[in-house]
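# Structural overview for review
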Amino acid sequence: MDTDLQKSSEQLLRYCDTLQKKYGIYQGQEISLRDCMKLEWLFYLLYLACDGRKLNWYEYRFLTEKLGFSQAKEQMDQLYYERQLGSVLFASKIPRSLQEFVRMDLIHQGNGKVSSYGQSLVNFYKKIGERFIACDSHVDVGELKRHSEYIKNLQTYLSRQNVARKKKASSSDDAASPEKGSLSQASPEASGKIETAKPDFEAVDQLVEELNNLIGLENVKEEISSLINLAKIQQLRKERGMPNTELSLHMVFSGNPGTGKTTVARMLSRIYYELGLLSKGHLVEAERSSLVGGYVGQTALKTKEVIESAYGGILFVDEAYTLTSGKGNADFGQEAVDTLLKLMEDNRDKLVVIVAGYTELMKEFLASNPGLKSRFNKFIEFPDYQPEELTRIYELRCTQNQFSLTEAAREKIKSYFTRRCQEKEENFANAREARNLFERTITAQANRLAGLKEVTDAQLVSIEADDVDTDSLHPVRREGLS
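This text gives an overview of the structure that appears in the document. Small disclaimer: the values here were computed from a predicted structure and weren't measured.

Glancing now at the overall build of the protein. In terms of regular secondary structure, the protein is built from 21 helices and seven strands. In the protein, which comprises 482 residues, the share counted as buried stands at 49%. Contacts in the protein between residues at least 24 apart in sequence constitute 75% of all its contacts with a sequence separation of at least 6. In the form shown here, the protein has an accessible surface area of approximately 23100 Å², with 50% of it arising from carbon and sulfur atoms.

Given below as structure tokens:
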């Protein structure tokens, strides 16, 4: 890659790492924000090049030598059709990485900082597209047209987002004071209702599509869809000067670990942001240890600080039942609950709270305090994954990491998940079962390939039945070894 593009790409990738590690942006997704952005670059360049034909040798060399993609040429050609990169729908979509960059730019602006990573990413798309089009010494009119229209689409999105929220970011009385290093440390916003931007229903539809693409969770998708539809109509009525019923957006997510509660909460924070219901759209995750102190008076201060960091976004309290499960006078969990209830009521225009945990324990939690029942009137149950869904989650990880399964390996994986769902021990981890098995699998494959003198590309991407290490993950057998 040319030196300037090399520096630009490295800077953008480092920013992805910063957003994910420092701010928790894109946590819980199947791939990292860095890998998501790189894939979006690849999809864009395939969109430019293919147009119903296969990559030529110069284009393929550009993708592998200049950008470092490792897929075989046949795989890239296949991606074009699998991802429908030639469709009008693809051309109109905004890359997820750009949406995240713009959202963070606007948050930084609201906190008194100047940031333009969204524009930097659009500029990179422009440069990389131009270099790619010229790589074969033949300027294709169709490629130029697709490139021009796509960049125009990105720039329009960027301008629309900035104009829609510029007034809020620069002059709102509710603007936060400068950051102290992370979202969770942001200073509290001034009292009063936060000014939000005009809803972007097009962006909402894209996020809903992303939600619907999650494996399983059909009832969850239906519940969330109803909430979104209600919010949309309420916002339209507001725009047209009609009276609205005040919405309570606080929710209870109940279900076993690994069922997608945190993932859906993150997506919901972005959806509410685009609907104009939240001014920042970030998610602050909390648990008992981040809310409860060790002595009298400390808990209220800790809880208040965490809640204030979530203003303009969603506060997600995992295993919320632990706040009321303590015994004796030395436990301060109830103080955290009391503080939470007061600040929820005082700041209902700028804060959404989602409490989550095991179904039965969450019922006990809500029954422990009359104020909790009155604040949380929306309940969404997250069911356990079925064997077929866990298999699909595993296969998705393979696809995203450029691995392919032999038929024998696929059957072994299905059999393992069927057995695990039937046994369903207390430590059953749902989607984490798929992640754990995948990580064990690629370790086993690496050990097998390391003993070979020469390793082909086909061997590097192939997962065989012997690589699927189910024994070490089986609870009974693992306990027997300890």
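It is worth spelling out helix α19 (residues 431-450) at this point. Spanning 20 residues, α19 covers 29 Å between terminal C-alpha atoms, matching the ideal 28 Å at 1.5 Å per step. Three or more residues of α19 are buried, namely Glu 433, Ala 434, Leu 437, Phe 438, Thr 441, Ala 444, Gln 445 and Leu 449. Buried residues of α19, viewed axially, fall in a sector of 135°; they line one side. Summarising the geometry of α19, the exposed residues directed more than 90 degrees from the buried face are Asn 447 and Ala 450. Packed against the buried residues of α19 are α17 (387-400), α18 (407-423), α20 (457-461) and β7 (462-463).

An order of β2-β3-β4-β1-β5 is seen for the five strands of this open sheet, with the pairing classed as parallel. Each edge of the open sheet is held by one strand with a lone partner, namely β2 (283-286) and β5 (379-382). The average angle at which neighbouring strand axes cross in this sheet is 20°, direction not considered. Looking at chain direction, strand β1 (residues 251-255) and strand β4 (residues 352-357) are connected through four bridges and run parallel.

Attention now goes to the packing of α17 against α19. Axis separation between α17 and α19 bottoms out at 9 Å; the angle between their running directions is 45°. It follows from the interaxial angle that α17 and α19 lie oblique. As α17 packs across α19, the resulting crossing turns out to be right-handed. Between α17, through Leu 390, Ile 393, Tyr 394, Arg 397 and Cys 398, and α19, the contact on the second element is made entirely by Ala 431, Ala 434, Arg 435, Leu 437, Phe 438 and Thr 441. Per-class residue counts for the contact of α17 with α19 are eight nonpolar, one polar and two charged.

With that out of the way, let us pick up the pattern of salt bridges. Applying the stated criterion across every chain yields a total of 22 salt bridges. Close ionic contact of Glu 100 with Arg 96 constitutes a salt bridge, the shortest N to O distance being 4.0 Å. Of the two residues, Glu 100 and Arg 96 are both situated in helix α6 (residues 96-110); the distance of four residues between them amounts to about one turn of the helix. Residue classification places Arg 96 among the buried positions, given a relative accessible area of 9%. Among the salt bridges present, the one from Lys 126 reaches Glu 130, with a minimum N-O distance of 2.8 Å. Of this pair, Lys 126 and Glu 130 both sit in helix α7 (residues 117-134), four residues apart, which is roughly one turn of that helix. Lys 126 sits in the partly exposed class, given a relative accessible area of 39%.

About the thresholds
- Residues numbered from 1 in each chain as written.
- Predicted model: local features only at pLDDT ≥ 70, side-chain atom pairs only at ≥ 80, totals over all residues.
- Heavy atoms only, no water.
- Helix = DSSP H or I, 4+ residues; strand = E, 2+ residues; numbered from the N terminus.
- Buried < 20%, exposed > 50% of the residue type's maximum accessible area, 1.4 Å probe, protein only.
- Contact = heavy atoms within 4.5 Å.
- Areas by Shrake-Rupley, 256 points an atom, 1.4 Å probe, with all protein chains shown as cover.
- Expected span 1.5 Å × (residues − 1).
- Arc of directions from axis to C-beta.
- Pairing = 2+ DSSP bridges.
- Axes fitted to C-alpha atoms, helices over the stretch in contact; angles between N-to-C directions.
- Parallel < 35°, antiparallel > 145°, perpendicular 65-115°, else oblique.
- Left-handed = near helix turned anticlockwise from the far one by under 90°.
- Nonpolar A, V, L, I, M, F, W, Y, C, P; charged D, E, K, R; others polar.
- Salt bridge = Lys/Arg side-chain N within 4 Å of Asp/Glu carboxyl O.

Coordinates in, geometry out; function isn't part of it.
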